[in-house]
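# Coordinate inspection notes
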Amino acid sequence: MIKVFQSLWNKKQEKTLPSLSKDNVPSHVAIIMDGNGRWANRRGLPRIVGHQTGMKAVKRAAIAADEIGVKYLTMYAFSTENWKRPKDEVDFLMRLPEEFLAIELEELIEKNVRIHMMGHPEDLPPHTIAAMEEAISRTRNNTGLVLNFALNYGSRRELKEAFRKAAEDIAAGRLSPEVFTEEWIDSHLQTSGIPDPDLLIRTGGELRLSNFMLWQLAYSELWFTDIYWPEFGRDHFYQAIAEYQRRTRRYGGLS
Ligand code: IPE
Ligand code: IPE
Ligand code: MG
């Protein structure tokens with residue numbers, strides 16, 4: 001019986017995939033997962049139910065990305081500005097990584113996914129860091145999709161820290177101003193070793209970056225949708241990829 005369902009499921013996948021080219025899959029997709037609160041409000045539910053339901057969308061996006069051959073998937077889970085929210089909501093959000101990993105880590109390990117985190121861990125509660133560290137260490141040798149959680153991440157803080165390090169190194173004579181290049185900056189950001197996003201997706205209808213990867217998104221393709229994050233599924237993900245594949249990236253040159 002399970003076999004029958006599996007083969008039906010595979011058939012369904014075959015139907016969606018052919019419209020996407022296997023040759024032009026974005027290597028790095030970054031997602032601003034927005035709209036959890038509004039999704040819940042619409043249903044007369046507390047905002048945290050939106051966050052809880054949004055966890056399932058994280059899993060769907062990771063599976064969809066892995067299936068199509070995306071190498072890096074960065075998920076904006078909590079910004080340096082999200083501390084402004086009511087304490088109850090922040091506390092709930094800080095519990096979500098461990099809840100997500102308790103449910104999904106085994107399957108992610110099976111799928112050869114490597115968990116990564118960027119952000120400023122020094123402000124996170126110990127239980128959140130412990131869950132992330134365990135997931136990072138248990139998936140360290142995996143070679144498949146890199147699932148990168150941006151947790152307490154803020155692009156301006158990331159840039160400020162890199163620039164401060166440069167200033168200190170220059171003042172101490174460890175770095176000459178000539179070596180302070182774009183490559184130096186790249187290698188001192190939280191994304192060091194990870195290519196810039198090819199595609200940015202933002203759900204929830206807002207048309208802004210909200211302090212997300214300001215340096216790294218310089219030439220990324222942007223795709224916005226009104227869909228609230230808890231409703232985001234595999235088909236939306238592939239819709240974004242299909243749109244990406246229709247675009248021509250020029251990087252300031254001529255096509
Ligand atoms: C995104 O959903 C999740 C986080 C920012 C943590 P929101 O909580 O921002 O939901 P809306 O934008 O208020 O609907
Ligand atoms: C961006 O969403 C941050 C995350 C998705 C984690 P916000 O809901 O915080 O963004 P603003 O406040 O609408 O710009
Ligand atoms: Mg929001």
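These lines cover the structure that appears in this document, whether it is placed above or below. Quick caveat: nothing in here was measured; it's all calculated off a predicted structure.

Within the protein one finds eight helices and six strands. If you list the helices and strands of the protein from N to C, you get α-β-α-α-β-α-β-α-β-α-α-β-β-α. Relative to the globule expectation of 18 Å for 255 residues, the C-alpha radius of gyration of the protein, 19 Å, shows essentially globular dimensions. The C-alpha extent of the protein, read off along each of the three principal axes, is 70 × 50 × 35 Å. By residue count, 46% of the 255 residues in the protein fall in the buried class. Residue pairs at least 24 apart in sequence account for 78% of intrachain contacts in the protein once pairs closer than 6 positions are excluded. For the protein, the computed accessible surface area is about 13,500 Å², with 53% contributed by carbon and sulfur atoms. Each charge class in the protein was averaged separately, 34 positive and 35 negative side chains, and the resulting centres sit 5 Å apart.

Right, let's get into the pairing of strand 4 (residues 146-153). Across the eight residues that make up strand 4, a large majority, eight, are buried. By the bridge criterion, seven bridges tie strand 2 (residues 72-79) to strand 4 in an arrangement that is parallel. Across the sheet, Tyr72 pairs through a bridge with Val146, a residue of strand 4.

Considering all chains together, one arrives at 10 aromatic pairs under this definition. Taking 6.1 Å as the distance between ring centres and 80° as the angle between the ring planes, the aromatic pair formed by Tyr76 and Tyr153 counts as edge-to-face. On the criterion of sequence distance, the pair formed by Tyr76 in strand 2 and Tyr153 in strand 4 is long-range, its members being 77 residues apart. Considered together, Tyr76 and Tyr153 belong to a single accessibility category, that of buried residues. Between Tyr153 and Phe212, the ring centres sit 5.9 Å apart and the planes meet at 85°, which makes this aromatic pair edge-to-face. Placement of the pair is Tyr153 in strand 4 and Phe212 in the loop between strand 5 (199-202) and strand 6 (221-224), with a sequence separation of 59 residues. An aromatic cluster of at least three residues, connected via ring pairs, comprises Tyr76, Tyr153 and Phe212.

Lining the immediate surroundings of ligand 1 are Met33, Asp34, Gly35, Asn36, Gly37, Arg38, Arg47, His51, Ala77, Asn82, Arg85 and Leu93. Between ligand 1 and Gly35, the relevant distance is 3.4 Å, taken from an oxygen atom to a main-chain nitrogen or oxygen of the residue. Take Arg47: an N or O atom from its side chain is 2.8 Å from an oxygen atom of ligand 1. Listed by contribution, the elements that provide at least two residues to the shell around ligand 1 are helix 2 (36-42) and helix 3 (47-68). Ranked by the residues each element gives to the shell around ligand 1, the list is headed by helix 2, at three residues. Across the shell around ligand 1, the residue classes break down as three nonpolar, five polar and four charged.

By nearness alone, every residue bordering ligand 2 is listed as Ile32, Met33, Asp34, Tyr76, Ala77, Phe78, Asn82, Arg85, Arg202, Arg208 and Ser210. Separating an oxygen atom of ligand 2 from a side-chain N or O atom of Asp34 is a distance of 3.2 Å. Contact between ligand 2 and Arg202: an oxygen atom at 3.4 Å from a side-chain N or O atom of the residue. When ligand 2 sits alone it has 390 Å² of accessible area, and the protein chains cover 78% of it. Of the residues forming the shell around ligand 2, the biggest block, three residues, is contributed by strand 2. Partitioning the shell around ligand 2 into residue classes produces five nonpolar, two polar and four charged.

Core analysis: the biggest nonpolar cluster contains 48 residues, and Ile31, Leu73, Met75, Ile115 and Phe237 have the highest contact counts within it. Considering every element that reaches this core, the biggest residue donor is helix 4 (residues 87-110), with nine residues. In this structure, Ile115 is in contact with Leu101, Leu105, Leu108, Met132, Ala135, Ile136, Thr139, Leu147 and Phe149, ignoring residues within four places of it in sequence. Ranked by size, the runner-up nonpolar core spans 10 residues in total, among them Met118, Ala150, Leu200 and Phe212.

Okay, the sheet that holds strand 3 (residues 114-119) next. For sheets, the rule is that strands pair by backbone hydrogen bonds, running either parallel or antiparallel. Taken together, the six strands give an open sheet; going across it, the order is 3-4-2-1-5-6, and neighbouring strands pair in parallel fashion. Of all the strands in the sheet, just strand 3 and strand 6 have a single pairing partner and so form its edges. Strand-to-strand twist in this sheet, taken as the mean axis angle between neighbours without regard to direction, amounts to 20°. Note: strand 3 against strand 4, six bridges, orientation parallel. Counted as the bridge partner of Met118 is Ala150 from strand 4. In the packing of helix 3 onto the sheet, the strands contacted are strand 1 (28-32), strand 2 and strand 4, and the crossing angle to strand 2 comes to about 160°.

Conventions we followed
Residues numbered from 1 in each chain as written. Chains lettered and ligands numbered in written order. Predicted model: local features only at pLDDT ≥ 70, side-chain atom pairs only at ≥ 80, totals over all residues. Heavy atoms only, no water. Helix = DSSP H or I, 4+ residues; strand = E, 2+ residues; numbered from the N terminus. Rg over C-alpha atoms; globule rule 2.2 N^0.38 Å. Buried < 20%, exposed > 50% of the residue type's maximum accessible area, 1.4 Å probe, protein only. Contact = heavy atoms within 4.5 Å. Areas by Shrake-Rupley, 256 points an atom, 1.4 Å probe, with all protein chains shown as cover. Lys, Arg positive; Asp, Glu negative; His and termini not counted. Charge placed at Lys NZ, Arg CZ, Asp CG, Glu CD. Pairing = 2+ DSSP bridges. Phe/Tyr/Trp six-rings, centres within 6.5 Å; stacked < 30°, edge-to-face > 60°. Near = heavy atom within 4 Å. Polar contact = N/O pair within 3.5 Å; in protein donor to acceptor, adjacent residues only side chain to side chain. Nonpolar A, V, L, I, M, F, W, Y, C, P; charged D, E, K, R; others polar. Core = buried A, V, L, I, M, F, W, Y, C linked by side-chain atoms within 4.5 Å. Axes fitted to C-alpha atoms, helices over the stretch in contact; angles between N-to-C directions.

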